[in-house]
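Single-letter residue listing:
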Amino acid sequence: MRSLAPTYNDPSNWEVVGATLAAAWLRKKTASTVDLTQATVGQEVYGLGTILSIEQIHGRWAVKTDAGTIREAERSTASRNTDSVPNSSILPSSQSVAPKTLPGNSGKFQKIVVQVQTALFTYGYYTAAIDGIVGPQTRVALSKMQSDYGLKVTGTVTPELLDALGIAAQ
């Protein structure tokens, strides 16, 4: 006779990328994209069951689920996110023809900005609408985060900022 007990994913294949006491943002470690799953206590998450609690353990976020505990991702400053810099075959041949900024109205850039705004919100730097637009409030949040993390303060989305937040520009 077949068991009717639910089958869960291994929680070690997931990581917490940000959290507040009210919500956590989870990511599958094996995913090729940076799709985040927002979860709240009591919510059912496919493959993980019910979110039982969101708490800090020894200064790091942990999300307890029916499947087990998902821990906050380790952030290492030693590794470089090579996905955030295009390969040399698509870079302009000279600085004079290089674009001065990323095209802020492209769909790809707006998706990256949504991820950045979500991360800035998660870490308490940003409280405005998550809309994919780098407006004045986003620039202030970017500058504050860059300053706090010892990055060059530009108030813009940079490869170094993407590295610090663990976001790949894809």
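Per chain, residues are indexed from 1 in the order of the written sequence. Only residues with pLDDT of at least 70 are given local features in this predicted model, and only at 80 or more are side-chain atom pairs given and counted; all residues enter the totals for whole chains, interfaces and linings. Note that the side-chain values use all heavy atoms of the structure and ignore hydrogens as well as water.

### Observations concerning the pairing of strand E5 (residues 49–57)
(1) Moving on: Note on pairing: two strands pair once DSSP finds at least 2 bridges between them. The helix count covers DSSP runs of H or I at least four residues long, the strand count covers runs of E at least two residues long, and both are numbered beginning at the N terminus. In the sheet, strand E4 (residues 44–45) pairs with E5 via two bridges, with the strands oriented antiparallel. Across the sheet, the residue bridging to Glu-44 is Thr-50, located in E5.
(2) Moving on: Hairpin connection between E4 and E5: a loop of three residues separates the two successive antiparallel strands, and Gly-47 in this loop has a positive phi of roughly 85°.
(3) Moving on: The pairing of E5 with strand E6 (residues 60–65) spans six bridges and is antiparallel. Bridging from a neighbouring strand, Gln-56 pairs with Trp-61 of E6.
(4) Moving on: From the end of E5 to the start of E6, which pair antiparallel, there are two residues, and His-58 there has a positive phi angle of about 55°.

### Quick look at the pattern of salt bridges
(1) Moving on: Each reported salt bridge corresponds to a side-chain nitrogen of Lys or Arg within 4 Å of a carboxyl oxygen of Asp or Glu. With the rule as written, the count across this model stands at two salt bridges.
(2) Moving on: Close ionic contact of Asp-148 with Lys-144 constitutes a salt bridge, the shortest N to O distance being 3.1 Å. With a gap of four residues between them, Asp-148 and Lys-144 both fall in helix H2 (residues 136–148), about one helical turn apart.

### Notes on H2
(1) Moving on: A helix is expected to span 1.5 Å multiplied by its residue count minus one. Compared with the 18 Å implied by 1.5 Å per residue over 13 residues, the 18 Å span of H2 between its first and last C-alpha is a close match.
(2) Moving on: Type-normalised accessible area, obtained with a 1.4 Å probe on protein chains alone, sets the label of each residue: buried when under 20%, exposed when over 50%, and partly exposed for intermediate values. Buried within H2 we find Thr-138, Ala-141, Leu-142, Met-145 and Gln-146. End-on view of H2: buried residues confined to an arc of 130°, all on one side of the axis. Set apart from the buried face of H2 by more than 90 degrees, the exposed residues are Pro-136, Gln-137 and Val-140.
(3) Moving on: Its buried side turned inward, H2 meets helix H1 (107–122) and helix H3 (159–165).
(4) Moving on: Positioned one or two residues after H2, Gly-150 has a phi angle of 70°, which is positive. What the arc measures is the spread of directions leading from the helix axis to the C-beta atoms. Any pair of residues with heavy atoms lying within 4.5 Å of one another is described as a contacting pair.

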